[in-house]
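Below, each chain spelled out in residue letters.
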2 protein chains.
Amino acid sequence: MQQMFNTPLYLQIREQIFDALRSGRWATNDPLPSETKLASEFDVSQGTIRKAIDDLVAQNILYRHQGRGTFIRRHDEQQSLFRFFNLARADGTKPVPESMNLHCKTRKGLKHECAALQRPTGERLIEILRLRRLDGQPVILETILVSQQLFPDLNKRDLPNTLYELYGDEYNVYITRAEEQIKSILPDATMQHHLEIGKTTPLIEIQRIAYDLHNQPVEIRISQCVTGDFVYACSLN
Amino acid sequence: MQQMFNTPLYLQIREQIFDALRSGRWATNDPLPSETKLASEFDVSQGTIRKAIDDLVAQNILYRHQGRGTFIRRHDEQQSLFRFFNLARADGTKPVPESMNLHCKTRKGLKHECAALQRPTGERLIEILRLRRLDGQPVILETILVSQQLFPDLNKRDLPNTLYELYGDEYNVYITRAEEQIKSILPDATMQHHLEIGKTTPLIEIQRIAYDLHNQPVEIRISQCVTGDFVYACSLN
DNA sequence: CAGTGGTCTAGACCACGTA
DNA sequence: ACGTGGTCTAGACCACTGC
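As the structure is a computational prediction, the values presented were derived from the model and not from experiment. (Residues numbered from 1 in each chain as written. Chains lettered and ligands numbered in written order. Predicted model: local features only at pLDDT ≥ 70, side-chain atom pairs only at ≥ 80, totals over all residues. Heavy atoms only, no water.)

A. Region of interest: the overall build of chain A. Summing up its helical and strand segments, chain A has seven helices and 10 strands in all. Once the C-alpha set of chain A is aligned to its principal axes, its extents read approximately 65 × 45 × 35 Å. Counting every position in chain A, which comprises 237 residues, the buried fraction comes to 46%. Summarising the internal contacts of chain A: among those between residues at least 6 apart in sequence, 56% fall at separations of at least 24. Just so you have it, chain A exposes about 11700 Å², and 47% of that area is on carbon and sulfur atoms. (Helix = DSSP H or I, 4+ residues; strand = E, 2+ residues; numbered from the N terminus. Buried < 20%, exposed > 50% of the residue type's maximum accessible area, 1.4 Å probe, protein only. Contact = heavy atoms within 4.5 Å. Areas by Shrake-Rupley, 256 points an atom, 1.4 Å probe, with all protein chains shown as cover.)

Structure (structure tokens):
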């Protein structure tokens, strides 16, 4: 096959592989077909397949393991606990977060919430409130909002510490990236109570929107965090 | 040339190119020698040079421009204003920051400051205090600390809005990455005065350590920011 | 041992920028 | 028209994994 149209071949292949991934064509735990097999299937050279996969690896959608194969990146317990978790001790090490669910209910979504999730206005959302402890201290109060349509019966399940793993395993929704916005706030009565702080202890509030493979917003997560022993850590390049 | 020893050729080449960059072998504004020239110089194929440069581009040390050549990434006015600037409006757009210098002096570094900069304890540091305005409002109070040894007479200069450009142009110190830690604080009297806020307005405090090409810490920067109309924005992958 | 990804080559042609 | 980076190929060999 030759490069036709104006978009490079490897980008076309990348999109085709990406579509195949989303359609569930390959089992989540098995390796993808080898580069040479994909090359003959798509009728391009192995180097072109390689470049396409390079991109998907860079996007953290696939990963390679020499000698074993190429695999779909999953949110499993270990990574999921840390990959999207930016709170660290002052020395840069990361604590293991525990979580306790405070409530889980359904309610009508507010206008701006539905808009952020790109769902019809007024759709029912599932709201989860939980408290997270780091090194035993209550540090984070977290409100999670998802569409009930996309996650039927999520509210009737046992909710694990790592929700993104559950989203993937049970609902075929794979979180690949997220955007966070941080501001500073003072605690209301609920926060004071659960986080065991006074009304003059300032908090950071992190608003996250998490996106799936299709780049669709899937979850809103608002975390109020006490930043005494812990800080929000971020790298710039 | 063949792959010898156990490290891949392209990594060896990458390090050699990197060394050449640091030694100032190529002018900062001219393109590097073309891939084919580098290939014959290092006696490897063009594809291997390409892979080496790919890495340096991914690290944001070089950039390519098709048809023109490969260049050293500089902190120039435009990018520098935004590249390491994570405050955004709630809708995600970025304001143009202005800055006003409040003072610039030298003083003996505290123990933890010298340690963070990997300089001898008690060395003299240059301290710059400035106020930044976004959309006309005073939003950020910023304290900058660098070694006087590394930046002689910096305190006697006119300080531009984009310091990293000055570091590169005048001191051959190129900032390539930074680490930030964020926590929430209440303002002291100085902050209240300059940021025009009351004592109950919570702020976020960003502590940044910026690193140069050698991966040496070069600058400490502590910013206190009002997060009313602006938020700290960050992407997770 | 066979099969996977990882490296490396040599050479072709394309797309862009400059003069 | 020419030189640059960008894409693509076909084929070689290496390094790791699992049987």
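B. Spotlight on the domain arrangement of chain A. Residues and elements named next belong to chain A. When its domains are assigned, chain A resolves into domain 1 (2-72) and domain 2 (77-232). Each partner contributes residues to the interface: domain 1 has five residues there, and domain 2 has five residues. At the junction of domain 1 with domain 2, the criterion picks out zero residue pairs in polar contact (both at pLDDT 80 or more). A per-class count over the side of domain 1 that touches domain 2 returns two nonpolar, two polar and one charged. (Domains from an automatic or database assignment. Polar contact = N/O pair within 3.5 Å; in protein donor to acceptor, adjacent residues only side chain to side chain. Nonpolar A, V, L, I, M, F, W, Y, C, P; charged D, E, K, R; others polar.)

C. Spotlight on the interface of chain A and chain B. Taken together, the contact between chain A and chain B spans 31 residues of the former and 31 residues of the latter. For the pair chain A and chain B, the interface holds zero salt bridges. The interface formed by chain A and chain B includes 17 residue pairs in polar contact (both at pLDDT 80 or more). Broken down by secondary-structure element, the contributors of at least two residues to the side of chain A that touches chain B are β7 (175-185), β8 (203-212) and β10 (230-236) of chain A. Sort the elements by how many residues they give to the side of chain A that touches chain B and β7 of chain A lands first, with 10 residues. The residue makeup of the side of chain A that touches chain B, split by class, is 14 nonpolar, 10 polar and seven charged. (Salt bridge = Lys/Arg side-chain N within 4 Å of Asp/Glu carboxyl O.)

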